[in-house]
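Here are the chains, one letter per residue:
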There are 2 protein chains.
Amino acid sequence: MGNAATAAAQRANNRLRLAVIDRDPGFMQVLSNRLEALGWDLRALSSAVTVDALVGMRLNALVIDLAVLGPGSWEYLERVCARLPGLAVIVCTGPSSVAQRVRGLRLGADAWMSKPCHAEELICVIEASIRRHRRAEMPQLEQSTTVGEITIRPDLYQAYARGASLELTAREFEILNLLSQSDRVLRREEIYERVWGYAMAHGDRSVDVFVRKLRQKLRTGSPNWNYIHTHFGVGYRFAPEMDGGESLPATQIASADAESDQIVFQPALVA
Amino acid sequence: MGNAATAAAQRANNRLRLAVIDRDPGFMQVLSNRLEALGWDLRALSSAVTVDALVGMRLNALVIDLAVLGPGSWEYLERVCARLPGLAVIVCTGPSSVAQRVRGLRLGADAWMSKPCHAEELICVIEASIRRHRRAEMPQLEQSTTVGEITIRPDLYQAYARGASLELTAREFEILNLLSQSDRVLRREEIYERVWGYAMAHGDRSVDVFVRKLRQKLRTGSPNWNYIHTHFGVGYRFAPEMDGGESLPATQIASADAESDQIVFQPALVA
DNA sequence: GAGCGCCGGTAACAAGATCTTCACACGCAA
DNA sequence: TTGCGTGTGAAGATCTTGTTACCGGCGCTC
């Protein structure tokens, strides 16, 4: 699945991927040893790489020594944080002023460590930064769900209708899977960010095109049903509906009835 | 304005709620001033409170000085983090060893600051921690509210009256949502800026036009009620009122939580 | 290694939906 | 009443979305 191994799929791999931009060989050595023992995937970089390259690495976390980057470091930090909002960014650099630390954090960094620092502590900080993101994706249990006429099977990376495969591509499946897990409206940026793993460029229509392909395959496999609804100016919402009329609960857990004359609030799933 | 309205407005305002367990009066004073300016809701605690009490506070973040808690501090920290995985926990305490900091972070703290520290930096760290949590908990924060006869559902970008959608456009919804979150008069410039995201040009009548469209749809879906009131020369104010007479408290939260501490006013005529 | 087909991503166009603007009517305050 | 701020309706401009075609990359087969 080469390219198909998207951020979401990667993270399921359970192996944390970390990049460090730093030039201190001793520091790197210590960190490397420690991380190897923990089974992390470390990428040591001795100078700034393009933001796109970072995107391509599918990282969980990034440690930066601002001193390595020189004058453009703030701007670089800002660009990285803006482009990869889901990435844990830790600045680990030499002596700094309060103002500098404040600036770094405001630009989007998750934590600031001052060198010299103990490797163990840095690792804890990285873990703490990553923790939430991982937790957020845990609920992605490999459990198949059935909504309307279709069955989604994360274990097979495929969806079925009336016993037949929908022949979804990897990306199509990921979008369907994401949409089906929520019955609220998802903005395009949100969808893009969670499927592609980084921020959507302005004017990108990829989500629309994939939604169209999805709709086509869904309609082929399950005629008379509408699954993906457009909310003009906002985004898309998943909800199985028969052409004729009534809608069904969006997920098996939740229940709502559009027919009653009173809106029913679905209890939020409390973890 | 009753206190119900105040409470509602507070929650709806998206104010960040923070508790600090600390006994340093000077520290508290500085922090308090700074946070007040930022519009945060600060709760100063001079000693440990039960975990259940913390749960009841619905905090976004918690700052703890371990020194205040004494011997049981580690266990307390662990219990809090385990019970409230969605809470940003920052330990802010005096001199410490690497081992202590590592321990604190491993127990679930999001960050560790050493006192003495600059209030501004602490705030940035808190913000960074909350930012990460927000990302994971977003879906939860969107609560439906019911005012008068209409129900506003941010998760669907739509409002309903008597079970039927008002068919609001995205922008109409945003304006209604904004207005409904406050029971004071909002100037046009204010509305424009918060919905459009930039300053209103002089002489722009867009807000007026949208208010008109909103009123029309509200009247269609919920006759005999007035929701948006004009304040000549000033702006608009949201308050559900029946034609016949009395007004109602501005907002009632239809919270998904079972243990809502909201006082709920239910109009008798909702069948 | 070349050819082929699949897949992801981009560009372009058309159809709609929505937003802005404008002119005028109306109501409020001095 | 005058002067201004607001309500109203509609036309035109703008923005969004659906849809199709097309291109480059990749893996596969031959």
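So, how was this worked out
- Once a new chain begins, its residue numbering starts again from 1 and follows that chain's sequence as written.
- Labels follow written order: the first chain is A, the first ligand is 1, and so on.
- Reporting in this predicted model follows two pLDDT cut-offs: at least 70 for local features of residues, and 80 or more for side-chain atom pairs to be given and counted; totals over whole chains, interfaces and linings ignore these cut-offs and use all residues.
- Excluded from the side-chain calculation are hydrogens and water; included are all heavy atoms of the structure.
- Working definition: helices are DSSP H or I runs of at least four residues, strands are E runs of at least two. Numbering for both runs from the N terminus.
- Think of it in three bands: residues with accessible area under 20% of the maximum for their type are buried, residues over 50% are exposed, and the middle band is partly exposed, with areas taken using a 1.4 Å probe on protein chains only.
- Pairs of N or O atoms within 3.5 Å make up the polar contacts considered here, provided that, within protein, one atom can donate a hydrogen while the other can accept it, and that residues adjacent in sequence are counted only when both atoms are side-chain atoms.
- By definition, residues are in contact when any of their heavy atoms lie within 4.5 Å.
- Proximity is defined per residue: if any heavy atom of the residue lies within 4 Å of a molecule or strand, that residue is considered near it.
- Each residue gets one of three labels, nonpolar for Ala, Val, Leu, Ile, Met, Phe, Trp, Tyr, Cys and Pro, charged for Asp, Glu, Lys and Arg, and polar for the others, Gly among them.
- Two strands form a pair only when DSSP identifies at least two bridges running between them.
- Orientation is described by axes fitted as lines to C-alpha atoms, over the contacting stretch for helices, and by angles from 0 to 180 degrees between their N-to-C directions.
- For this analysis, a salt bridge means a side-chain nitrogen from Lys or Arg found within 4 Å of a carboxyl oxygen belonging to Asp or Glu.
- Orientation categories follow fixed angle ranges, with anything under 35 degrees roughly parallel, anything over 145 roughly antiparallel, 65 to 115 roughly perpendicular, and all other angles oblique.
- In this scheme, a crossing is called left-handed if the near helix is turned counterclockwise away from the far one by less than a right angle; it is called right-handed if the turn is clockwise.

## A word on the side chain of Glu-120 of chain A
Next up, step 1: The residue Glu-120 of chain A is located in helix 7 (residues 119–137) in this model.
Next up, step 2: On the accessibility criterion, Glu-120 of chain A (15% relative accessible area) is buried.
Next up, step 3: Within the structure, the side chain of Glu-120 of chain A is placed 2.8 Å from the side chain of Arg-106 of chain B, a separation counted as a polar contact.
Next up, step 4: When residues no more than four places from it in sequence are discounted, the contact partners of Glu-120 of chain A are Arg-34 of chain A together with Val-102 and Arg-106 of chain B.

## Considerations on the protein's contact with DNA strand C
Next up, step 1: Near DNA strand C, the surroundings consist of 20 residues, among which Thr-169 and Arg-171 of chain A together with Thr-169, Arg-171 and Trp-196 of chain B are the closest.
Next up, step 2: Of what DNA strand C places within 4 Å of the protein, 77% of the atoms are sugar or phosphate.
Next up, step 3: Between Arg-171 of chain A and DNA strand C, the recorded distance is 2.6 Å, taken from a side-chain N or O atom to a phosphate oxygen.
Next up, step 4: Between DNA strand C and Ser-206 of chain A there is a distance of 3.2 Å, counted from a phosphate oxygen to a side-chain nitrogen or oxygen.
Next up, step 5: The residue makeup of the surface near DNA strand C, split by class, is nine nonpolar, four polar and seven charged.

## Remarks on helix 9 (residues 188–196) of chain A
Next up, step 1: For helix 9 of chain A, the complete set of buried residues consists of Arg-188, Glu-190, Ile-191, Tyr-192, Val-195 and Trp-196 of chain A.
Next up, step 2: A positive backbone phi angle near 95° is found at Gly-197 of chain A, which sits one or two residues after helix 9 of chain A.

## As for the sheet that holds strand 1 (residues 17–21) of chain A
Residues and elements named next belong to chain A.
Next up, step 1: A sheet is described by the order of its strands in space; here five strands give the open sequence 2-1-3-4-5, paired in parallel fashion. Edge positions in the sheet fall to strand 2 (41–45) and strand 5 (111–114), since each has one partner strand and no second. Neighbouring strand axes in the sheet, compared pairwise and without regard to direction, differ in orientation by 20° on average.
Next up, step 2: Summarising the sheet, strand 4 (residues 88–93) and strand 5 pair through four bridges and their orientation is parallel. Within the sheet, the bridge partner assigned to Thr-93 lies in strand 5 and is Ser-114.
Next up, step 3: Most of the contacts of helix 5 (residues 73–83) go to strand 4, to which it runs at about 160°, and overall it touches strand 1, strand 3 (61–64), strand 4 and strand 5.

## As for the pattern of salt bridges
Next up, step 1: A full pass over the atoms with the stated rule returns 40 salt bridges over all chains.
Next up, step 2: Of the charged contacts, one joins Asp-65 of chain A and Lys-115 of chain A as a salt bridge, the two residues approaching to 2.9 Å between their closest N and O atoms. With Asp-65 of chain A in the loop between strand 3 and helix 4 (66–69) and Lys-115 of chain A in the loop between strand 5 and helix 7, this pair connects stretches of sequence that are 50 residues apart.
Next up, step 3: When its relative accessible area of 16% is taken as the criterion, Lys-115 of chain A is described as buried.
Next up, step 4: Across the salt bridge formed by Arg-132 of chain B and Asp-110 of chain A, the nearest N and O atoms sit 3.5 Å from each other. In this pair, Arg-132 of chain B is assigned in helix 7 (residues 119–141) and Asp-110 of chain A in the loop between helix 6 (98–106) and strand 5, connecting two distinct chains.
Next up, step 5: In this structure Arg-132 of chain B comes out as buried when scored by relative accessible area, which is 3%.
Next up, step 6: Here the salt bridges do not stand alone but share partners, grouping Arg-34, Glu-120 and Glu-127 of chain A together with Arg-106 of chain B into one network.

## Some details on the packing of helix 8 (residues 170–180) of chain A against helix 9 of chain A
All names here are of chain A.
Next up, step 1: Remark: helix 8 packs on helix 9, axes separated minimally by 10 Å, with the N-to-C direction vectors making an angle of 125°. As far as their axial angle goes, helix 9 and helix 8 are oblique. The crossing of helix 8 and helix 9 is right-handed. Of the residues in helix 9, those in contact with Arg-171, Glu-174, Ile-175, Leu-178 and Leu-179 of helix 8 are Ile-191, Arg-194, Val-195 and Trp-196.
Next up, step 2: Considering only residue class, the contact of helix 8 with helix 9 consists of six nonpolar, no polar and three charged.

## Focus: the protein's contact with DNA strand D
Next up, step 1: Surveying the vicinity of DNA strand D reveals 20 residues, the closest of which are Arg-205, Arg-212, Thr-230 and Tyr-236 of chain A together with Arg-215 of chain B.
Next up, step 2: Backbone atoms, meaning sugar and phosphate, make up 63% of the atoms of DNA strand D lying within 4 Å of the protein.
Next up, step 3: Between Arg-205 of chain B and DNA strand D, the recorded distance is 2.8 Å, taken from a side-chain N or O atom to a base nitrogen.
Next up, step 4: Between a phosphate oxygen of DNA strand D and a side-chain N or O atom of Arg-212 of chain B, the distance comes to 3.0 Å.

## Some thoughts on the packing of helix 8 of chain A against helix 10 (residues 206–221) of chain A
Residue and element names in this part refer to chain A.
Next up, step 1: Packing of helix 8 against helix 10 brings their axes to within 10 Å, and their N-to-C directions diverge by 85°. One finds that helix 8 runs roughly perpendicular with respect to helix 10. Of the residues in helix 10, those touching helix 8 at Arg-171, Glu-172, Ile-175 and Leu-176 are Phe-210, Lys-213, Leu-214, Lys-217 and Leu-218.
Next up, step 2: Looking at the contact of helix 8 with helix 10 residue by residue, the class counts come to five nonpolar, no polar and four charged.

## Regarding the side chain of His-229 of chain B
Residue and element names in this part refer to chain B.
Next up, step 1: You can see His-229 is positioned in strand 11 (residues 225–231).
Next up, step 2: At a separation of 2.7 Å, a polar atom in the side chain of His-229 contacts the main-chain carbonyl oxygen of Ala-239.
Next up, step 3: Not counting the four nearest positions on each side in its chain, His-229 is found in contact with Arg-215, Gly-235, Tyr-236, Arg-237, Ala-239 and Glu-241.

## Looking at unusual backbone geometry
Next up, step 1: The residue after Lys-115 of chain A, namely Pro-116 of chain A, is reached through a cis peptide bond having omega 0°.
Next up, step 2: Inspection of the secondary structure puts Pro-116 of chain A in the loop between strand 5 and helix 7.
Next up, step 3: Of note in this structure, Arg-58 of chain B is not a glycine but carries a positive phi near 50°.
Next up, step 4: Locating Arg-58 of chain B in the fold gives a position in the loop between helix 3 (51–57) and strand 3 (61–64).

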